[in-house]
Each structure stands twice: as structure tokens, then as C-alpha cells.
Amino acid sequence: MSKIALITGATSGIGAACAHLFAAEGYNLILLGRREQLLTTIGKQLEDKYAVEVKRILADVRDQEDLSYRLETLPAPWKKVNVLINNAGLSQGLDPIDKGNTDDWDTMIDTNVKGLLYVTRIVSAWMVAQKSGHIINIGSIAGKEVYPNGNVYCATKYAVDALSKSMRIDLLPHGIKVTAINPGMVETEFSKVRFKGDETRAKKVYDGLEPLAANDIADAIWFAVSRPAHVNINDMLIMPAAQATATIVERK
Ligand SMILES: NC(=O)C1=CN([C@@H]2O[C@H](COP(=O)(O)OP(=O)(O)OC[C@H]3O[C@@H](n4cnc5c(N)ncnc54)[C@H](OP(=O)(O)O)[C@@H]3O)[C@@H](O)[C@H]2O)C=CC1
Ligand SMILES: CC(=O)[C@H](N)C(=O)O
């Protein structure tokens with residue numbers, strides 16, 4: 001059987017770009033997300049174009065019981081996952097701490113931290129059993145430096161940074177690589193989700209500069225995954241040329 005990549009949040013943005021790139025490289029895919037129509041369409045496109053096999057998992061990473069059931073009931077050959085891309089994540093709201101919406105906080109913590117942990121708990125155990133694997137965690141520049149009103153989103157990405165470092169230690173004896181990929185501004189559905197569907201506000205984030213595209217991050221992930229067996233890329237911080245820090249950008 002070909003190699004297998006499991007990608008969470010595969011229905012848009014960085015996750016969908018990874019699905020295309022890994023399929024083009026001949027990987028069979030397990031695609032996970034909540035939007036069934038997109039999972040179906042993307043899966044079919046990749047099967048037709050690249051003659052790879054695709055399993056779709058319609059799941060919310062916050063729902064531990066359902067997620068566990070769906071992963072654990074995969075047929076045994078599909079549990080031989082070579083690459084796990086922990087990409088599902090989101091930001092909701094951009095408010096000072098005294099005005100934040102606590103439901104948004106719960107959503108971000110439950111998705112970006114607890115969801116990532118639930119998936120990793122299961123898939124890392126499969127990797128330990130097979131004594132190989134590569135886990136890619138999608139962090140952020142927001143996990144390297146905080147920015148005004150980023151508070152809880154930044155905290156979740158700092159947690160991802162800490163988890164990447166500690167997973168690397170825990171999984172070292174088992175021959176499993178862990179890579180943290182930390183993007184700056186990437187134009188995806190990210191800002192639309194952050195601003196709850198306000199397309200005008202979302203577009204403004206990228207006004208006057210060329211942001212990264214989802215493919216730029218997929219390329220970086222592929223670079224990390226395609227290194228020789230003795231090489232691990234621990235951490236990458238990738239920003240548009242027009243971005244210097246989380247908040248300092250050059251707009252024309
Ligand atoms: N775009 C950017 O500027 C940056 C993004 N990032 C990170 O990159 C990752 C991907 O985001 P990006 O591609 O930009 O944004 P998108 O909004 O385009 O993609 C997010 C993906 O996550 C999935 N997702 C969200 N919540 C859940 C959930 N509860 N269960 C399962 N899947 C979920 C969505 O699928 P569905 O709705 O179908 O469930 C979607 O496929 C995130 O972790 C984000 O924090 C980091 C730095 C910068
Ligand atoms: C500051 C960034 O680049 C990031 N996309 C975010 O909004 O957190």
C-alpha cells in the first residue's frame with residue numbers, strides 16, 4: 001500500500017492544499033473535517049486526478065467520543081499512518097481580554113489545543129506501534145509572539161508550540177519525527193472565520209500586501225516530510241515578505 005497522510009481540517013485553506021500536494025506525491029489520504037460536501041468533492045477530485053485512495057472522516061475534533069470512534073474503526077491498513085498533519089484550527093474574534101466572548105474562547109481552546117491532543121493521542125499510539133511516523137503541528141507566528149487582542153488565540157498557539165516540543169521528546173525513542181510549522185499571514189478562510197463571515201473585514205487584513213497562499217505552507221510541509229530519514233526539521237516560521245512580525249507589515 002502507498003504511504004498514508006492523515007490531514008485534519010482538510011476542507012479548506014492549508015489542509016486542502018496539503019491534501020492536493022500529498023495526493024500529487026502519491027499518498028493515500030485520510031481527510032478530516034466537518035463540512036461533508038467539501039470532504040466529498042475534494043476527495044473525489046483527488047481520487048480522479050491522482051488515482052489515490054481517500055478516506056473521508058466527517059468529524060469535529062472537539063468531540064472526543066465520536067472522533068475516537070471514527071478513527072478507531074478505520075480498517076487496520078488505514079491505521080498505518082506515515083504523516084499526521086494537525087492542521088484543524090481557528091481564531092474567533094479579536095477583542096481585548098475584558099471584552100472577549102467566552103464561547104469563542106472555548107471554541108478556540110477546544111479546537112486548537114484539545115482537538116489536536118485527541119487526534120494525536122490516537123494516531124501517535126499507532127505510530128509508536130509501527131515505530132515510525134511524522135507529526136506536523138500547525139502553530140502560528142501567534143505562538144511565537146503575542147499581539148494586541150490576540151490573547152486566547154495566541155495562548156492556544158503557544159500551547160501548540162509547547163506540545164510540539166514535548167511530543168518531540170516523548171516520541172524520540174520511537175523513531176517518530178515532530179515538526180512545527182508556524183505561518184504568518186496566509187489568505188485562506190481564516191480571517192472570514194475570525195470575523196464570523198464578515199468578508200469585507202476579512203479582505204482588509206490582506207489589503208495592500210501579498211499574503212502567503214495555502215500552497216506556500218503546503219510546500220514547506222512537504223519539504224519537512226521529504227527530508228532524508230536522519231533529518232528532522234523541528235520548527236519553521238514562514239511569513240510573507242511584506243510581514244516582519246505578527247503586527248508589523250508593509251502595505252503599498
Ligand atoms: N491563515 C493564517 O493566516 C494562519 C493560519 N494558521 C493555522 O493554520 C491552520 C489552518 O487554517 P487555515 O487553512 O488558514 O484556515 P481555514 O479556515 O481555511 O481552514 C481551517 C480548517 O480547519 C477545519 N476545522 C476547524 N474547526 C474544526 C473542528 N472543530 N473539527 C474539525 N475541523 C475543523 C475547517 O474545516 P471544517 O470547517 O470543514 O470543519 C478547515 O478545514 C489553523 O490551525 C490556523 O490556526 C496559523 C497561522 C496563520
Ligand atoms: C498575525 C498572523 O500572521 C496570523 N495570521 C494571525 O492572525 O494570528
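For clarity, every value in this text was computed on a predicted model and none was experimentally measured.

Each value, and the rule that gives it
- Residues numbered from 1 in each chain as written.
- Chains lettered and ligands numbered in written order.
- Predicted model: local features only at pLDDT ≥ 70, side-chain atom pairs only at ≥ 80, totals over all residues.
- Heavy atoms only, no water.
- Near = heavy atom within 4 Å.
- Polar contact = N/O pair within 3.5 Å; in protein donor to acceptor, adjacent residues only side chain to side chain.
- Helix = DSSP H or I, 4+ residues; strand = E, 2+ residues; numbered from the N terminus.
- Nonpolar A, V, L, I, M, F, W, Y, C, P; charged D, E, K, R; others polar.
- Areas by Shrake-Rupley, 256 points an atom, 1.4 Å probe, with all protein chains shown as cover.
- Buried < 20%, exposed > 50% of the residue type's maximum accessible area, 1.4 Å probe, protein only.
- Pairing = 2+ DSSP bridges.
- Phe/Tyr/Trp six-rings, centres within 6.5 Å; stacked < 30°, edge-to-face > 60°.
- Lys NZ or Arg CZ within 6 Å of the ring centre and 35° of its normal.
- Axes fitted to C-alpha atoms, helices over the stretch in contact; angles between N-to-C directions.
- Contact = heavy atoms within 4.5 Å.
- Core = buried A, V, L, I, M, F, W, Y, C linked by side-chain atoms within 4.5 Å.

### Let's talk about the site of ligand 1
Logical step 1: The environment of ligand 1 is formed by 29 residues, the closest being Thr11, Ser12, Arg34, Tyr153 and Thr188.
Logical step 2: A distance of 2.8 Å separates an oxygen atom of ligand 1 from a polar atom in the side chain of tyrosine 153.
Logical step 3: The side chain of threonine 188 places a nitrogen or oxygen atom 2.6 Å from an oxygen atom of ligand 1.
Logical step 4: Sorting the residues of the shell around ligand 1 by element identifies helix H1 (13-24) and helix H5 (151-171) as the ones contributing at least two each.
Logical step 5: Residues of the shell around ligand 1, tallied by class, amount to eleven nonpolar, twelve polar and six charged.

### A closer look at the site of ligand 2
Logical step 1: For ligand 2, the full set of nearby residues is Ile141, Ala142, Tyr147, Tyr153, Gly184, Met185, Phe190, Arg194, Gln243 and Ala246.
Logical step 2: One nitrogen or oxygen atom from the side chain of arginine 194 is found 3.3 Å from an oxygen atom belonging to ligand 2.
Logical step 3: Within the contact set of ligand 2, an oxygen atom lies 3.1 Å away from a side-chain nitrogen or oxygen of glutamine 243.
Logical step 4: In the complex, 88% of the free accessible area of ligand 2, which totals 250 Å², lies under the protein chains.

### Here we look at the pairing of strand S9 (residues 235-238)
Logical step 1: By the alternation rule, side chains of S9 split into Met236 and Ile238, which are all buried, and Asp235 and Leu237, of which none is buried.
Logical step 2: Alignment of strand S6 (residues 176-183) against S9, held across four bridges, turns out to be parallel. From the neighbouring strand, proline 183 faces S9, where its bridge partner is isoleucine 238.

### Re the packing of aromatic side chains
Logical step 1: All chains considered together, the criterion is met by four aromatic pairs.
Logical step 2: The interplanar angle of 80 degrees and the centroid separation of 5.1 Å between the aromatic rings of phenylalanine 22 and tyrosine 27 together place this pair among those described as edge-to-face. Pair check on accessibility: phenylalanine 22 and tyrosine 27 agree, each one buried.
Logical step 3: Here a set of aromatic residues connected by ring pairs shows up, and it is made of Phe22, Tyr27 and Trp222.
Logical step 4: In this structure, arginine 194 is placed above the aromatic ring of tyrosine 153, and the distance from its NZ or CZ to the ring centre is 5.4 Å.
Logical step 5: Between the NZ or CZ atom of arginine 227 and the centre of the ring of phenylalanine 223, over which it lies, the distance is 3.9 Å.

### A short note on the sheet that holds strand S5 (residues 133-138)
Logical step 1: Strand order in this open sheet of seven strands is S3-S2-S1-S4-S5-S6-S9, and the pairing throughout is parallel. Of all the strands in the sheet, just strand S3 (54-58) and S9 have a single pairing partner and so form its edges. Neighbour-to-neighbour, the strand axes of the sheet open up by a mean angle of 15 degrees, direction not taken into account.
Logical step 2: The sheet contact formed by strand S1 (residues 4-8) and strand S2 (residues 28-33) spans five bridges and is parallel. Note on S2: the bridge partner recorded for threonine 8 is leucine 32.
Logical step 3: Set on the sheet, helix H2 (residues 36-50) makes contact with S2 and S3; between it and S3 the angle comes to about 175 degrees.

### Side note on the environment of aspartate 219
Logical step 1: Examined against the element boundaries, aspartate 219 turns out to sit in helix H8 (residues 214-225).
Logical step 2: Taking the relative accessible area as the measure of exposure, aspartate 219 reaches 45% and is therefore partly exposed.
Logical step 3: The spacing of aspartate 219 and leucine 21 is 198 residues in sequence and 7.8 Å in space, taken between C-alpha atoms.

### Things to note about the nonpolar core
Logical step 1: In this structure, Phe22, Leu29, Leu31, Leu46, Ile85 and Ile221 are the most contacted members of the largest nonpolar core, which totals 37 residues.
Logical step 2: Sorting the residues of this core by element identifies S1, H1, S2, H2, strand S4 (83-86), S5, H8 and S9 as the ones contributing at least two each.
Logical step 3: Discounting residues that sit within four places of it in the chain, phenylalanine 22 has contacts with Ala5, Tyr27, Leu29, Val83, Ile85, Ile221, Trp222 and Val225.

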